[in-house]
Amino acid sequence: MTDLEQLTQSLARNLKRWRGERNFTLDALAARSGVSRGMIIQIEQARTNPSVGTTVKLADALGVSITTLLDYEQGDRVRLVAPEQVVRMWSTEAGSHTSLLVGTEARGPLELWEWRIVPGDSSVSDAHPPGTIELLRVTAGELTLVVDGEEHTVPAGTSATFEANVPHTYRNDGTEPVEMTMVVAVPPAR
């Protein structure tokens, strides 16, 4: 089984599980997430590989991390994630990418990300649930962080934090790749 097939199967199994644990009907999850009922059915039947945006919307609506939806090995007190197990979530032909390094459900979903954005590339994110916080540290290059339409320049060595309940964009307007580490903290589902 390829990595993509394993990821598709894990997502199908975990989406069904978490939807059941939350007692959400297909219609209820569709309404909460903004993802169509038909798309949710296709994902739960492992007939499609959804976009990162769709996966984020489903995770947010369920109150779990993306890691939880994609993870196929859970349960140990200490969980090590080898480099070959890191999940590449977004990439462009130019060479930009994000990798979900590790996540947990303790006290609400918490995710650790590694980013690389080449010059001219950007990643746009919809608003996350209220109370979601993002923290980041740029280790190379200069990031243009756009939060709710307001631009902020974040040079290498600088950290930033913001409430991510508004649209936001990570953009590289510079001439060298931006590298950064980011943590996303989502409040537990109510």
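Residues numbered from 1 in each chain as written. Predicted model: local features only at pLDDT ≥ 70, side-chain atom pairs only at ≥ 80, totals over all residues. Heavy atoms only, no water.

Visitor: Would you explain the pattern of salt bridges in this entry?
Guide: Charged atoms that come close allow side chains of opposite charge to pair. Tallied over the full model, the rule gives seven salt bridges. Residue Glu44 is joined to Arg19 by a salt bridge in which the shortest nitrogen-to-oxygen separation is 2.7 Å. Residue Glu44 is located in helix H3 (residues 37-44), and its partner Arg19 is located in helix H1 (residues 3-21); the two are separated by 25 residues in the primary sequence. Given the relative accessible area of 8%, Glu44 is considered buried. A salt bridge links Asp27 to Arg37; the shortest N-O distance between them is 3.1 Å. Pair noted here: Asp27 is in helix H2 (residues 26-33) and Arg37 is in helix H3, with a separation of 10 residues, a long-range link. Overall, the relative accessible area of 48% leaves Asp27 in the partly exposed class. Salt bridges linked by common partners bring Glu151, Arg171 and Asp173 together as one network. (Salt bridge = Lys/Arg side-chain N within 4 Å of Asp/Glu carboxyl O. Helix = DSSP H or I, 4+ residues; strand = E, 2+ residues; numbered from the N terminus. Buried < 20%, exposed > 50% of the residue type's maximum accessible area, 1.4 Å probe, protein only.)

Visitor: In this structure, what is going on with the layout of surface pockets? I would like to understand it.
Guide: The gaps left among the atoms become clear once a water-sized probe is rolled over them. Approximately 700 Å³ is the volume attributed to the largest pocket. Around the largest pocket, the lining is made up of 37 residues, and of these Val56, Asp60, Ser125, Asp126 and His128 lie nearest the centre. The set of elements that each furnish at least two residues to the lining of the largest pocket consists of H2, helix H4 (52-62), strand S1 (87-91), strand S3 (110-117), strand S4 (122-125), strand S9 (168-171) and strand S10 (178-185). Top element by residues in the lining of the largest pocket is H4. It accounts for seven residues. By residue class, the composition of the lining of the largest pocket is 21 nonpolar, nine polar and seven charged. (1 Å grid on protein atoms, 1.4 Å probe; cavity = no way out; pocket = protein on both sides within 12 Å on 5 of 7 lines; lining within 4 Å. Points joined across faces, edges and corners; volume = space filled by probe spheres on them. Nonpolar A, V, L, I, M, F, W, Y, C, P; charged D, E, K, R; others polar.)

Visitor: Would you take a moment to explain the packing of aromatic side chains for this structure?
Guide: Here the distance between the centres and the angle between the planes together describe a pair of aromatic rings. For the structure on display, the rule yields two aromatic pairs. Note on Trp90 and Trp115: the rings are 5.9 Å apart at their centroids and 45 degrees apart in plane angle, and the pair reads as tilted. With Trp90 in strand S1 and Trp115 in strand S3, the pair connects residues that are 25 residues apart, well separated along the chain. A centroid spacing of 4.7 Å and a plane angle of 55 degrees characterise the contact between Trp115 and Tyr170, whose relative ring orientation is tilted. Of the two residues, Trp115 sits in strand S3 while Tyr170 sits in strand S9, which places them 55 residues apart along the sequence. (Phe/Tyr/Trp six-rings, centres within 6.5 Å; stacked < 30°, edge-to-face > 60°.)

Without other data, these values stay purely geometric and don't point to any function.
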